[in-house]
Amino acid sequence: MPLQPPSRLCAAFADAVVGADNLEEAYASLRSVAREHLHGEAVVFVQKNDRWVRLAGRVTPERERGWRASVDRLTDPSPRVLRIDDPVAGPPSAIVISDDERIALVVEGDWSSSADVLETCAGTIRVGLRALRERNANRRAERLLRRIYRLTKRLGTAGGDALPQRIVDEVAMMFSAARVSLGLYDQKDDRLKLKAARGLASSVVHDIRIQPGDWIIGRVFGSGNAVIVNDVPALPSPQSHHDRYRSQAFGVLPLSHRDQVIGVLSITDRRDGLAF
């Protein structure tokens, strides 16, 4: 007789993700929901740099190797539910979730006959994880913006043409960053112009002009929303990010005055390797 998932399974998965404070907690909660509602051991694997890493749950080393090997053979990135091999016990099922990182929730039992229901749950999990990432990114951006605001307010009392460079130098010291730049909007030319930088040649700085909406800096200026990235290699892109960034994290933040965005501050290549 085919196994049947409980009717509240998708809601339970959604509650688990929404109630988590971070991704690690979300993965652990997803594993707990799978164990409780599907009545079997469960493990969460996440694909990082073409390698699947176990981030929640635990089975015997032999079973984990078998489950990981089966997940490694999954070439189709689309979300789905399928039965995989187990060298020790009966075949488990993998619920593949297409998120910013590919996730495989592997649970004991053959649930392939309930693929429609579980794929719906996978979609619910994906939406919840993206909302969690966005919420955490907004929190990090708010903390970073508060630090930058306090700094610019303190330095701004001095004023003068040297203020942009003073801000850049202080920010570089604050975050141990090798590259920091500050661009201000020129209404006449409708371009962002770099007014100060650290880690860039002065000849390059004066030549850079960015149209609002172009590149990350232009998009941050146009939207007024900060962009904080703490895992550069995971960014989806046809070209490698390793050539442009020497560290795993960067931040691009809008600068505002009287509720109007007037420029953008960019922080990259942290020497300490820490996240924002």
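The structure under discussion appears in the preceding block.
These numbers come from a predicted model, not from an experiment.

Thresholds applied
Residues numbered from 1 in each chain as written. Predicted model: local features only at pLDDT ≥ 70, side-chain atom pairs only at ≥ 80, totals over all residues. Heavy atoms only, no water. Core = buried A, V, L, I, M, F, W, Y, C linked by side-chain atoms within 4.5 Å. Buried < 20%, exposed > 50% of the residue type's maximum accessible area, 1.4 Å probe, protein only. Helix = DSSP H or I, 4+ residues; strand = E, 2+ residues; numbered from the N terminus. Contact = heavy atoms within 4.5 Å. Disulfide = S-S within 2.5 Å. Pairing = 2+ DSSP bridges. Salt bridge = Lys/Arg side-chain N within 4 Å of Asp/Glu carboxyl O. Axes fitted to C-alpha atoms, helices over the stretch in contact; angles between N-to-C directions. Parallel < 35°, antiparallel > 145°, perpendicular 65-115°, else oblique. Left-handed = near helix turned anticlockwise from the far one by under 90°. Arc of directions from axis to C-beta.

(A) Fine view of the nonpolar core. In terms of nonpolar packing, the biggest core is built from 32 residues, with F13, Y27 and L129 touching the most fellow members. Contributions of two or more residues to this core are made by α1 (9–18), α2 (23–38), β1 (42–48), β4 (93–98), β5 (102–107) and α4 (115–156). Ignoring any residue separated from it by four or fewer positions in sequence, one finds L129 in contact with V17, L23, A26, Y27, D99 and I103.

(B) Structural detail: the state of the cysteines. Taken as a whole and assessed by the stated rule, the structure comprises one disulfide. Through a disulfide, C10 is tied to C121; the S-S separation comes to 2.2 Å. Its torsion about the S-S bond being -95 degrees, the disulfide of C10 and C121 is classed as left-handed. Placement of the pair is C10 in helix α1 and C121 in helix α4, with a sequence separation of 111 residues.

(C) Representation of the sheet that holds strand β6 (residues 177–186) in the model. Taken in spatial order, the six strands line up as β8-β7-β6-β11-β10-β9 in an open sheet, and their pairing is antiparallel. The open sheet terminates on both sides in strands that have one partner only, identified here as β8 (209–210) and β9 (227–229). With eight bridges joining them, strand β10 (residues 250–257) and strand β11 (residues 260–270) adopt antiparallel strand pairing. Across the sheet, residue L253 finds its bridge partner in β11, namely L265.

(D) Summary view of the pattern of salt bridges. Following the criterion strictly, the structure yields 13 salt bridges and no others. Its salt-bridge partner being D15, residue R8 comes within 3.5 Å of it at the nearest N-O pair.

(E) Summary view of the environment of I95. Within the secondary structure, I95 is located in strand β4. Among all residues touching I95, those that are not within four sequence positions of it are R80, V81, I103, A104, L105, L118 and A122.

(F) Seen up close, the packing of α1 against α2. Relative orientation of the contacting elements α1 and α2 amounts to 155 degrees, with a least axis distance of 9 Å. By the angle between their directions, the pair α1 and α2 is classed as roughly antiparallel. Here α1 and α2 pass one another in a crossing that is right-handed. Residue-level inspection shows L9, A12, F13, A16 and V17 of α1 in contact with α2, the latter providing S29, L30, V33, A34, H37 and L38.

(G) The arrangement of helix α7 (residues 215–223) in detail. Those residues of α7 that fall on the buried side of the exposure criterion are I217, G218, V220 and F221. The arc enclosing the buried residues of α7, seen along the axis, measures out at 160 degrees, which places them on a common side. Residues of α7 that are exposed and point more than 90 degrees away from the buried face comprise W215 and G222. Those residues of α7 that are buried lie in contact with β6, β7 (191–198), β8, β9, β10 and β11. At the exit of α7 stands G224, carrying a positive phi of roughly 75 degrees.

(H) Up close: the sheet that holds strand β2 (residues 51–56). Ordered by their spatial adjacency, five strands build an open sheet running β2-β1-β5-β4-β3, and the pairing between neighbours is antiparallel. The open sheet has two free edges, formed respectively by β2 and β3 (80–83), since each of these has just one partner strand. Neighbouring strand axes in the sheet, compared pairwise and without regard to direction, differ in orientation by 25 degrees on average. Across six bridges, β4 lies against β5 in antiparallel orientation. Note that in β5 the partner of V96 across the bridge is A104. Running at roughly 145 degrees to β1, α2 makes contact with β1, β2 and β5 of the sheet.

(I) The arrangement of the environment of G123 in detail. Mapped onto the elements of the fold, G123 is located in helix α4. Given a relative accessible area of 25%, G123 falls into the partly exposed group. Separated by 27 residues in sequence, G123 and V96 have C-alpha atoms that sit 9.8 Å apart.

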